[in-house]
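Residues per chain are reported as follows:
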Amino acid sequence: MQSSELENLKIAIVGAGYAGAAAAKALSLLGADVNVYEQASQIREVGAGIGLRPSTMDRFRQWGIFDAVAQVSSPSDYFEILTGTNDPIMKEEWPAVPGDTEGTKTHLIHRGDFIDALLGVLPEGMVHLGHKLETLEDKGDRSVLTFTNGTIVEADLVIGADGIKSVVRQQLFSDKGPVFSGEHAYRTVISVDDAYGMATDDNLRMYIGRGTKVYLLPLRHRGQVSFDITALCPDSTWAPTITKEDILATLEGFDERIVNIARDLDMDTVSIRAVYDIDPVDVWHTDSVALVGDAAHSMLHHQGQGANSAILDAGGLADALKEADSVKEALALYQANRKPVTDELQRISRQGWTEDEVNDVFPGQKTAAQPAATK
Ligand SMILES: Cc1cc2nc3c(=O)[nH]c(=O)nc-3n(C[C@H](O)[C@H](O)[C@H](O)COP(=O)(O)OP(=O)(O)OC[C@H]3O[C@@H](n4cnc5c(N)ncnc54)[C@H](O)[C@@H]3O)c2cc1C
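Everything in this summary refers to the structure shown in the same document. (Residues numbered from 1 in each chain as written. Predicted model: local features only at pLDDT ≥ 70, side-chain atom pairs only at ≥ 80, totals over all residues. Heavy atoms only, no water.)

A few points about the site of the ligand
Convention followed: It suffices for a single heavy atom of a residue to lie within 4 Å of a molecule or strand for the residue to be listed as near it. The definition of a polar contact used here is a pair of N or O atoms within 3.5 Å, where within protein one atom must be able to donate a hydrogen and the other to accept one, and adjacent residues in sequence count solely through side-chain atom pairs. Using a 1.4 Å probe, the Shrake-Rupley method yields the accessible areas, and only the shown protein chains count as cover for residues. Strands here are runs of E lasting at least two residues and helices are runs of H or I lasting at least four, both read from the DSSP assignment and numbered beginning at the N terminus. Note that Gly is not counted as nonpolar here; it falls among the polar residues with everything else outside the nonpolar set of Ala, Val, Leu, Ile, Met, Phe, Trp, Tyr, Cys and Pro and the charged set of Asp, Glu, Lys and Arg.
Taken together, 29 residues lie near the ligand, and Glu38, Arg111, Leu133, Asp294 and Ala307 sit nearest. For the ligand, an oxygen atom lies 2.8 Å from a polar atom in the backbone of Ala307. In the complex, 88% of the free accessible area of the ligand, which totals 1000 Å², lies under the protein chains. When residues of the shell around the ligand are traced back to their parent elements, those giving at least two are helix H2 (18-28), strand S13 (179-191) and helix H10 (306-323). Here the shell around the ligand takes three residues from H10, the largest share from any one element. Taken together, the residues that form the shell around the ligand break down as ten nonpolar, eleven polar and eight charged.

A closer look at the sheet that holds S13
Selection rule: Any two strands are treated as partners once DSSP identifies two or more bridges connecting them. Fitting a line to C-alpha atoms yields each axis, with helices limited to the stretch in contact; the angle taken between N-to-C directions then spans 0 to 180 degrees. Throughout, a contact is declared for two residues whenever any of their heavy atoms are within 4.5 Å.
Ordered by their spatial adjacency, seven strands build an open sheet running S6-S5-S14-S15-S16-S13-S17, and the pairing between neighbours is mixed. Edge strands, defined here as strands with exactly one partner in the open sheet, are strand S6 (88-93) and strand S17 (271-277). On average, each strand axis in the sheet is inclined to that of its neighbour by 20°, with strand direction left out of account. Where helix H8 (residues 256-264) meets the sheet, its contacts fall on S13, strand S14 (204-209), strand S15 (212-219) and strand S16 (224-232), and the angle it forms with S16 comes to roughly 100°.

Examining the packing of aromatic side chains
Stated formally: Pairing of aromatic rings covers Phe, Tyr and Trp, the last counted by its six-membered ring, and requires centre-to-centre distances within 6.5 Å; plane angles under 30 degrees mean stacked, over 60 mean edge-to-face, and any other angle means tilted. Burial classes follow relative accessibility: with a 1.4 Å probe on protein chains only, a residue under 20% of its type's maximum area counts as buried, one over 50% as exposed, and anything between as partly exposed. The rule for a charge over a ring is simple: NZ of Lys or CZ of Arg within 6 Å of the ring centre, and within 35 degrees of the ring normal.
As enumerated under the stated definition, the model contains eight aromatic pairs in all. Summarising the aromatic geometry, the rings of Trp238 and Tyr276 are spaced 4.0 Å apart at their centres and angled 10° between planes, so their arrangement reads as stacked. Here the residue Trp238 occupies a position in the loop between S16 and helix H7 (244-250), and Tyr276 occupies one in strand S17, the gap between them amounting to 38 residues. What makes Tyr276 buried here is its relative accessible area of 11%. These aromatic residues form a ring-pair network of at least three members: Tyr18, Phe60, Trp63 and Phe114. Cation over ring: Arg61 sits above Phe66, and NZ or CZ is 4.4 Å from the ring centre.

Describing the pairing of S16
The buried fraction of S16 amounts to seven of the nine residues, a majority that puts the element mostly inside the structure. Relative to S16, S13 runs antiparallel, the two being bridged by nine bridges. Pairing of Glu183 across the sheet is with Leu232, part of S16. As paired elements, S15 and S16 share seven bridges and run antiparallel to each other. If you follow Leu216 over to S16, its bridge partner there is Phe227. In textbook terms, the turn of a hairpin is the stretch between consecutive antiparallel strands, and for S15 and S16 this stretch comprises four residues, one of which, Gly223, has a positive phi near 65°.

What about the environment of Leu133?
Here Leu133 shows up in strand S9 (residues 133-138). Each C-alpha atom of the pair Leu133 and Leu30 lies 25 Å from the other, and the pair is 103 residues apart in sequence. Residues in contact with Leu133, not counting those within four places in the same chain, are Val14, Leu145, Thr146, Phe147, Val167 and Val168.

Rendered as structure tokens:
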């Protein structure tokens, strides 16, 4: 689309998570008139770390925000998968961006720092907190959004970035609910001094055994380590009640140092939730509404690709708007480019990482060519 057309485009983004914030950055760089509506009155993220892949960092470089993210993250060279008793299963360098001449690395970041960095680069007044979308009326070439606080907004393009329980998805694209994985995630951040010497470099390690996965993701720039446990549990309550004894039971037989970290945890700091994803959604867009991030393709975290995919969606959407002749064409192009990738990620993220499954994927070797794994 021509710059003049993009500048006249009124865009409403629902949700100020990673997908919404990244879409706001990418689309405002096109010159469009962007507003973000977030239901929460305050932005808060879970205390845990994630890995931002080179392709994600590359998008940040294109958007001029690489340094804002780099200064609150640590570059990492590789990830490793080990048994619960610390025997190596495989080790691999993070996959690079094909053709990258900058040597862009994966960066390990605290989720709170990441959302602060993304929202911090948006112009003042772009994000409207306390706006919970209630209904969305798609009128073809524009839509009307009604919020529970009574605000009514009209936009030429609506981006549904409202997460796994997306109202936009449920009202326009699919009434199927999230799917329970049979697992819980217990996540917190601890001081590196409390990690029993298990976090001495900048590399992510996943320890697996008996259906439990333990992730130790160093956040060196903070002197901390993200300590995450994913464990089998049939209780599908979104925010279940779990005791330290329950957590210790999932770690039976694990390396004593991992058990000790869990034993020392302050349970008030631990985020406890059941893990859900969604089945692939057939269509992500109408002529003037599109889904991004978890709203479009919430996936299990076993490949560590959910937040990364949200950023790449935002980039893909902006590219499509530049390339196509109309919003309608751009949304079709965006879906054609992004959906096959995320359909596959949703599929492989449903595979577990038992030792046997890792050995199936990485047969008989400690370094392998499979690019996508873990966080
Ligand atoms: C245990 C676990 C570990 C994970 N680990 C990783 C990892 O290592 N790497 C990785 O890349 N990904 C990981 N993920 C996935 C990642 O967290 C998600 O993919 C990512 O947060 C999705 O971002 P989003 O912006 O699409 O959705 P969300 O973060 O859910 O944001 C949606 C926003 O929309 C707002 N909202 C919702 N409804 C409305 C409404 N009606 N009106 C207005 N606003 C609304 C919400 O308040 C929220 O702010 C993990 C997920 C889990 C559960």
